[in-house]
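# Results of the structural survey
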Amino acid sequence: MTSPSVTADPARSYLMCPPEHFTVEYAINPWMDPGQPVDTELALKQWDGLRETLVGLGHQIHLLSPRPGLPDMVYTANGAFSVDGTAFGARFTHPQRAPEAAAHRDFYQQQLGWRYVRPTETNEGDGDFAYLPAAYGGTILAGYGFRTDPDAHRQLQETLSRPVVSLRLVDPLFYHLDTALAALDDENIAYHPAAFSPASQRVLRQLFPHALLASRADALAFGLNLVSDGQHVVLNSEATTMADKLAAAGYQPVLVELTELHKGGGSVKCCVAELRG
Ligand code: ARG
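First, a word on what this report is: a plain description of the structure on this page.

Calculation notes
- Residues numbered from 1 in each chain as written.
- Predicted model: local features only at pLDDT ≥ 70, side-chain atom pairs only at ≥ 80, totals over all residues.
- Heavy atoms only, no water.
- Helix = DSSP H or I, 4+ residues; strand = E, 2+ residues; numbered from the N terminus.
- Rg over C-alpha atoms; globule rule 2.2 N^0.38 Å.
- Buried < 20%, exposed > 50% of the residue type's maximum accessible area, 1.4 Å probe, protein only.
- Contact = heavy atoms within 4.5 Å.
- Areas by Shrake-Rupley, 256 points an atom, 1.4 Å probe, with all protein chains shown as cover.
- Lys, Arg positive; Asp, Glu negative; His and termini not counted.
- Charge placed at Lys NZ, Arg CZ, Asp CG, Glu CD.
- Pairing = 2+ DSSP bridges.
- Salt bridge = Lys/Arg side-chain N within 4 Å of Asp/Glu carboxyl O.
- Disulfide = S-S within 2.5 Å.
- Core = buried A, V, L, I, M, F, W, Y, C linked by side-chain atoms within 4.5 Å.
- Expected span 1.5 Å × (residues − 1).
- Arc of directions from axis to C-beta.
- 1 Å grid on protein atoms, 1.4 Å probe; cavity = no way out; pocket = protein on both sides within 12 Å on 5 of 7 lines; lining within 4 Å.
- Points joined across faces, edges and corners; volume = space filled by probe spheres on them.
- Phe/Tyr/Trp six-rings, centres within 6.5 Å; stacked < 30°, edge-to-face > 60°.

## A word on the overall build of the chain
- Across its full length, the chain holds seven helices and 15 strands.
- In terms of overall size, the chain behaves like a compact globule, its C-alpha atoms giving a radius of gyration of 17 Å where 277 residues would be expected to give roughly 19 Å.
- Structurally, the chain occupies a C-alpha span of about 45 × 40 × 35 Å along its principal axes.
- By the burial criterion, 57% of the 277 residues in the chain qualify as buried.
- A sequence separation of at least 24 residues applies to 71% of the contacts in the chain between residues at least 6 apart.
- Accessible surface, the chain as shown: approximately 10,700 Å² in total, 49% of it carbon and sulfur.
- For the chain, the separation between the mean place of its 20 positive charges and that of its 31 negative charges on side chains is 6 Å.

## Remarks on the pairing of strand β6 (residues 129-132)
- Residues Phe129 and Tyr131 line one face of β6 and the alternating positions Ala130 and Leu132 line the opposite face, and both faces are buried.
- Counting the residues that bridge the hairpin from β6 to strand β7 (residues 139-144) gives six residues, and of these Tyr136 lies at a positive phi of roughly 55°.

## Some remarks on the pattern of salt bridges
- In this structure the tally under the stated criterion is 13 salt bridges.
- Note that Arg12 is salt-bridged to Glu274, the shortest N-O span being 3.2 Å. In this pair, Arg12 is assigned in the segment before β1 (13-16) and Glu274 in strand β15 (residues 273-274), connecting sequence segments 262 residues apart. You'll find Arg12 and Glu274 in the same group, each marked buried.
- Lys263 is the salt-bridge partner of Glu260, the closest N and O atoms lying 2.9 Å from each other. Both residues of the pair, Glu260 and Lys263, count as buried.
- Where salt bridges share partners, they join Asp48, Arg51 and Glu52 into one cluster.

## Some remarks on the state of the cysteines
- For the structure on display, the rule yields zero disulfides.
- Its sulfur unpaired, Cys17 is 9.5 Å from the next cysteine sulfur, which belongs to Cys271.
- Its sulfur unpaired, Cys271 is 6.4 Å from the next cysteine sulfur, which belongs to Cys270.

## Thoughts on the nonpolar core
- In this structure, Leu141, Leu181, Ile189, Phe196, Met242 and Leu246 are the most contacted members of the largest nonpolar core, which totals 35 residues.
- Of all the secondary-structure elements, those providing two or more residues to this core are β6, β8 (164-168), β9 (181-183), β10 (189-191), β13 (232-236) and α6 (240-248).
- Not counting chain neighbours up to four residues away, the residues in contact with Leu141 comprise Asp128, Phe129, Ala130, Leu132, Val165, Leu167, Leu177, Leu181, Ile189 and Phe208.

## Quick word on helix α2 (residues 100-112)
- Taking 1.5 Å of rise per residue, the 13 residues of α2 would be expected to cover 18 Å, and the 17 Å separating its terminal C-alpha atoms lies within 8% of that figure.
- Those residues of α2 that sit buried are Glu100, Ala101, Ala103, His104, Phe107 and Tyr108. Burial along α2 is one-sided: seen end-on, the buried residues are contained in an arc of 165°.
- Those residues of α2 that are buried are in contact with β1, β2 (60-63), β3 (80-83), β4 (86-89), β5 (115-117) and β15.
- At the exit of α2 stands Gly113, carrying a positive phi of roughly 70°.

## Examining empty space enclosed by the protein
- Scanning all chains against the criterion turns up two cavities of 30 Å³ or more.
- What the largest cavity holds in volume is close to 70 Å³.
- Together, 14 residues line the largest cavity, and Asn29, Tyr75, Arg97, Tyr175 and Gly264 are the ones closest to its centre.
- Taken as a whole, the second largest cavity spans an internal volume of roughly 40 Å³.

## Here we look at the packing of aromatic side chains
- Taken as a whole and assessed by the stated rule, the structure comprises eight aromatic pairs.
- With a centroid separation of 4.5 Å and 35° between ring planes, the pair formed by Trp31 and Phe222 is classed as tilted. Taken together, the residues Trp31 in the loop between β1 and α1 (40-56) and Phe222 in the loop between α5 (216-220) and β12 (227-228) connect sequence positions 191 residues apart.
- Taking relative accessible area as the criterion, Phe222 reaches 3% and is therefore assigned buried.
- Seen in terms of ring centroids, Phe88 and Phe129 are 6.4 Å apart; in terms of plane orientation they differ by 65°. Their pairing is edge-to-face. One end of the pair, Phe88, is in strand β4; the other, Phe129, is in strand β6, and 41 residues separate them in sequence.

See below:
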C-alpha cells in the first residue's frame, strides 16, 4: 500500500441539503421500503452531525433549500458533477427525482455563477462519477448499469476534456458508483470488486494497482459511500472494518451515524456533492 498523497490545502467545498422533507414513499433502489417508518427528526439530527463534522474538518458547506415533495433531495450527490468550475447537470432516471435537477442548476448558475452544462443523456452526477485530479493527469471514473447511461459518459468527456473510464456496475445493491467505489485522495481509490463486471474489475486492477479493496460486508455497511479530503475520511459509523482498513492505509477515519438516511439507500457521500471550483 502506498501512503496517501497529502494535498497542501485540504479545504473543500460541498453542497448539502437538509432532509426536512425526507421520507421513503417510493422504492427506486433495493434499500428502500415504503412500509418502514422514517424518523425525519432523527434524519435531520444525524444529517446535521455530518454537516458539523465536515465544518469541523475545515470544509465549506453550501446549502440547497429543500423542497416539499422531493424526499430524496437530501442526496445532493446526484444533482450534478463539477470540475474546474463547470457543472455537468444531472438527468435523473426516475421521474420521482427529476425535478431535483433544476434546483441544482439554479444553485450552480445563480449562487455560484458557474458554467452549467445541460446533459442530453441520463446521469446522476457525483453518484456515478468520481474524480481523481492526479491520476493520469485527471481521470473521471464513471459508473453505468443502473442509473447513468454510458452515452452520458461520452458527453462528459467532451464537456470536461478529461478521460472518462466507463465501469459497469452489476449488483443492484450497489446501484450508484459511490456505493461501490470512492476516491480516497487525488490519485487512489477504494472499491468493492464484485460490484463491477469482470472486465471492469480488470480495468480497475490495471489503473489502480494500489487501491484499497473493500469486502462485500464493508460495502453493505456503506463503507465506500465516504467523503475524503485526502487525509480525513468521513464514513458511516457502522463501517468499522472499513475504518480500520483506512487507518492501516494511513488515512484518518472519522465516523458519523446516518442510520435514518440509509433507509433511502444512501449514506455519507450521497448527502454531499463536491463543488470543484
Ligand atoms: N433514494 C435515492 C435514490 O435511489 C438514494 C440516492 C443515493 N445517492 C447516491 N449518491 N448513491 O436515488
